[in-house]
Structures are given as structure tokens and as C-alpha cells.
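Residue strings, one per chain:
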Amino acid sequence: MPPKNMTKYNMAIIGGDKRTACMAPILAEKGYRVICFRTVKMEYSQSVKNKIFFANSLKEALDFAPVIIGGIPFIKSDCLYCEETVSGSTINSSEIQRSIRKQQKIFAGVIPEGFRRTCEEREIVCYDFMADEPMTLYNAVATAEGAILEALLHKNTTLHMSKTLVLGYGRCGKVLADRLKGLHACVTVCSNDCNELALACSLGFETLHLSKLAQNIHCFEYIFNTIPACILNKRCLENVSCNTIIVDIASNRSGADYEAAKHHHIAIHFCPGLPGKYAGESCAKHLAEYVINRM
């Protein structure tokens, strides 16, 4: 049980993945006492062990903390998002609403609009990590590096001089194309946005309009999808080479027809939460700084 004389700087970290778990020792090193609930278990140094506590219930955690930190996303399938390795019954969003109180602050990623509106009506301030441009860029870096690692883990060839396709040229697509170019892959950027294609071309990338994807997709050995729409449909997948690997980092498995991929024996890997999987500590530093600057 945590002590009852908590200071106003104490925080509760609830759910999430390694990104939120790694925030606890960073915040503790800065003098904050942190109570955790349903976070990924970690080994902590002796210097912070006496500043990190663990709650047995959501209410116990939130009753002690004016600042609440959740994962990215905060809510998934109407429940508190917790990494799969964390056991226990699910915590639905209505239970979180019942447990929070006036004038608390909530920091999390992809906070549902309805949840945020209800909080505002109760004078509870919500800060969404993913609504902050610098945070989304840091997240894109970690996502891009994780996507490259996933590709190399599942294929026995180098990216060097490989014909590589990046679908989409938003935040993640731009960083991913840049990192692949740095590895000397032969990178083609595919989009239906003429401005994005012009920018990619100006930076030295080959470009392909999305309307021509199906007839050209057979050329590529590595395909990275960042577009949250079913771009890799049955027609496209029919033309994918059997030696090609597809890494899909679009949200909610929305980037491809997975049944068609299975039917055609296409190696496609859906890779959500890459920053938490591979770069928890680096992400945690940015997240902790974001929280501290807004307290």
C-alpha cells in the first residue's frame, strides 16, 4: 500500500506498454512518487524503488494521484489498454470515468472523443500525446526503426540495394523512407497525393501513383504500408512476388486484405505498437518530459 501523505506531484500510471512502464523510473528520478496499476513489470534500481508503488485496484491508484498517465492508445475496445503480458480482468472505460475526479489531469494517447468531452464537463483536463506534433514525430521515428527491424527479422536478405516500396508519405512514411534510403535500399514512395509524390521526388526517391500500384507491385522485395485503408487489396496481392515481405504498420489491420494474403501465401506482418515493443525507454523520456512541462 502506498503511504497516505502523497504530495501534489505524485502520479498514477495505469495500463499501457513498455513506454508507460519506463516512465515510472524516469519520473521517480526527478523526485515524483509514482503509483502503478496494470503496468508492465520492470526491474528498478535501488535509487528509485522507494518512490514507485503498485496498486491492487484502479480506485486505489487514482485516489492517490492528481495526475493520471495512460498508454497509447489509452482505451482499446472500450477498455483500458494494457500490454498482453499483463494479466487480470479488463477495466472498461466507464469504470475509469467513475474513478477519476474533478481537477485531475489525464495524459494518454488517442483518447476517445466521448471520453474527453465527459472529462471536460467534469473539469478534468485531458492531454493527448498523439495530438502533439513533436510527440507524433518522435513516435514516427520509433515506428520506422521498429518496422525495419521487423522486416529484417522475417527475411533472410539485406535491405541494401533491395527494391523497397513505402506506401504512404505522411509522418511515418517520410521517416521510414529516409531510414531505408540511409540503408541504401532502392526506395519507391507510393501515394495518391501529388504534393507528397513531388516532395518525395525532390528528395531523391522513386515515386509511384497509387492508381498504378497493382500493375507494379510485383517489382518489390520489401513493402512497408503506412496507409490506414485497404490499399493492399485482393487485386494487388495477386501480383505480389512470392519472395516479398509486407510489413503493415497501419492501425487496426486496416491496410490489407489478410484473408487474400493468406490465400496467396503472401508473407504479411501486422506490427502494431512498435515504439513500445522496441523503443520503450527512448519514448518514455519524451513522454515524461511532455507530462512534466504541463503539470
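Residues numbered from 1 in each chain as written. Predicted model: local features only at pLDDT ≥ 70, side-chain atom pairs only at ≥ 80, totals over all residues. Heavy atoms only, no water.

Honestly, the overall build of the protein chain in this entry has me stumped. Any pointers?
Counting its regular elements, the protein chain contains 13 helices and 14 strands. Since a compact globule built from 295 residues should have a radius of gyration of about 19 Å, the 21 Å found for the protein chain is in line with a globular shape. With respect to the three principal axes, the spread of C-alpha positions in the protein chain is 65 × 35 × 35 Å. Buried positions account for 51% of the 295 residues belonging to the protein chain. In the protein chain, the share of contacts with a sequence separation of at least 24, taken over all contacts with a separation of at least 6, comes to 56%. Within the structure as shown, the protein chain displays about 14400 Å² of accessible surface, and the carbon and sulfur contribution to it stands at 50%. (Helix = DSSP H or I, 4+ residues; strand = E, 2+ residues; numbered from the N terminus. Rg over C-alpha atoms; globule rule 2.2 N^0.38 Å. Buried < 20%, exposed > 50% of the residue type's maximum accessible area, 1.4 Å probe, protein only. Contact = heavy atoms within 4.5 Å. Areas by Shrake-Rupley, 256 points an atom, 1.4 Å probe, with all protein chains shown as cover.)

What am I meant to see in the sheet that holds strand β1 (residues 11-14) here?
Paired through backbone hydrogen bonds, the strands of a sheet run either parallel or antiparallel to each other. On the basis of which strands lie adjacent, the open sheet formed by 6 strands has the order β3-β2-β1-β4-β7-β8 and parallel pairing. The outermost strands of the open sheet, each flanked by one partner alone, are β3 (52-54) and β8 (125-128). In this sheet, neighbouring strand axes are inclined to one another by 20 degrees on average, regardless of whether the strands run parallel or antiparallel. Where strand β4 (residues 67-69) and strand β7 (residues 105-108) come together, 3 bridges link them in parallel fashion. Each bridged residue has a counterpart across the sheet, and for V67 the counterpart in β7 is K105. The sheet strands contacting helix α1 (residues 18-29) are β1, β2 (34-37), β3 and β4, and the helix crosses β1 at an angle near 160 degrees. (Pairing = 2+ DSSP bridges. Axes fitted to C-alpha atoms, helices over the stretch in contact; angles between N-to-C directions.)

I keep staring at the nonpolar core and nothing clicks. Help me out?
Of all hydrophobic cores here, the largest spans 26 residues; its most connected members are I14, F74, I96, I100, I106 and F115. It is helix α3 (residues 58-63) that contributes the most residues to this core, 3 residues altogether. Core analysis: the second largest hydrophobic core is formed by 25 residues, M11, C22, L27 and Y44 among them. (Core = buried A, V, L, I, M, F, W, Y, C linked by side-chain atoms within 4.5 Å.)

Teacher, can you tell me more about the packing of helix α6 (residues 133-153) against helix α7 (residues 171-182) here?
Each pair of packed helices gets described by two things: the angle between the helix axes and the distance between those axes. Where α6 meets α7, the closest approach of the two axes is 8 Å, and the angle between their N-to-C directions is 45 degrees. Between α6 and α7, the crossing angle belongs to the class labelled oblique. Helix-helix and strand crossings are classified by hand; for α6 and α7 the assignment is right-handed. Residues E133, T136, L137, A140, V141, T143, A144, E145, A147 and I148 of α6 lie in contact with α7, whose contacting residues are R171, C172, V175, L176, R179 and L180. Across the contact of α6 with α7, the residue classes tally to 10 nonpolar, 2 polar and 4 charged. (Parallel < 35°, antiparallel > 145°, perpendicular 65-115°, else oblique. Left-handed = near helix turned anticlockwise from the far one by under 90°. Nonpolar A, V, L, I, M, F, W, Y, C, P; charged D, E, K, R; others polar.)

In this structure, what is going on with the pattern of salt bridges? I would like to understand it.
Opposite charge on two side chains permits pairing when their charged atoms draw close. For the coordinates displayed, the defined rule picks out 11 salt bridges. A salt bridge links E133 to R171, with the shortest nitrogen-to-oxygen separation between them at 2.7 Å. Placement of E133 in helix α6 and of R171 in helix α7 is noted, with a sequence separation of 38 residues between them. The class of R171 is partly exposed, set by a relative accessible area of 42%. Through salt bridges that share partners, E113, R116, R117 and E120 make up one connected network. (Salt bridge = Lys/Arg side-chain N within 4 Å of Asp/Glu carboxyl O.)

Looking at this structure, I do not really get unusual backbone geometry. What am I missing?
In terms of backbone geometry, most residues other than glycine have negative phi values and most peptide bonds are trans. The omega angle of the peptide bond from I72 to P73 is 5 degrees, so this bond is cis rather than trans. When you line up the elements, P73 lands in the loop between β4 and β5 (75-76). Positive phi is not limited to glycine here, since Q103 has a value of about 75 degrees. With respect to the element layout, Q103 can be found in the loop between α4 (93-99) and β7. The phi angle at V110 is positive, at roughly 55 degrees, despite the residue not being glycine. For V110, a relative accessible area of 47% corresponds to the partly exposed category.

Help me understand the sheet that holds strand β13 (residues 245-248) in this model?
Across the sheet, which stays open at both edges, the 6 strands sit in the order β11-β10-β9-β12-β13-β14 with parallel pairing between neighbours. Edge positions in the open sheet fall to β11 (206-209) and β14 (267-270), since each of these has one partner strand only. Direction aside, the axes of adjacent strands within the sheet are offset by 20 degrees on average. Relative to β11, strand β10 (residues 186-191) runs parallel, the two being bridged by 4 bridges. Following the sheet pairing, C190 is matched in β11 by L208.

Teacher, can you tell me more about α1 here?
For an α-helix the count is 3.6 residues per turn, leaving residues at separations of three or four pointing the same way. Taking 1.5 Å of rise per residue, 12 residues should cover 16 Å, and α1 covers 17 Å from first to last C-alpha, within 8% of that figure. A large share of α1 lies buried, amounting to 10 of its 12 residues. Taken together, the buried positions of α1 are R19, T20, A21, C22, M23, A24, P25, I26, L27 and A28. In the segment just after α1, G31 is the residue with positive phi, at about 100 degrees. (Expected span 1.5 Å × (residues − 1).)

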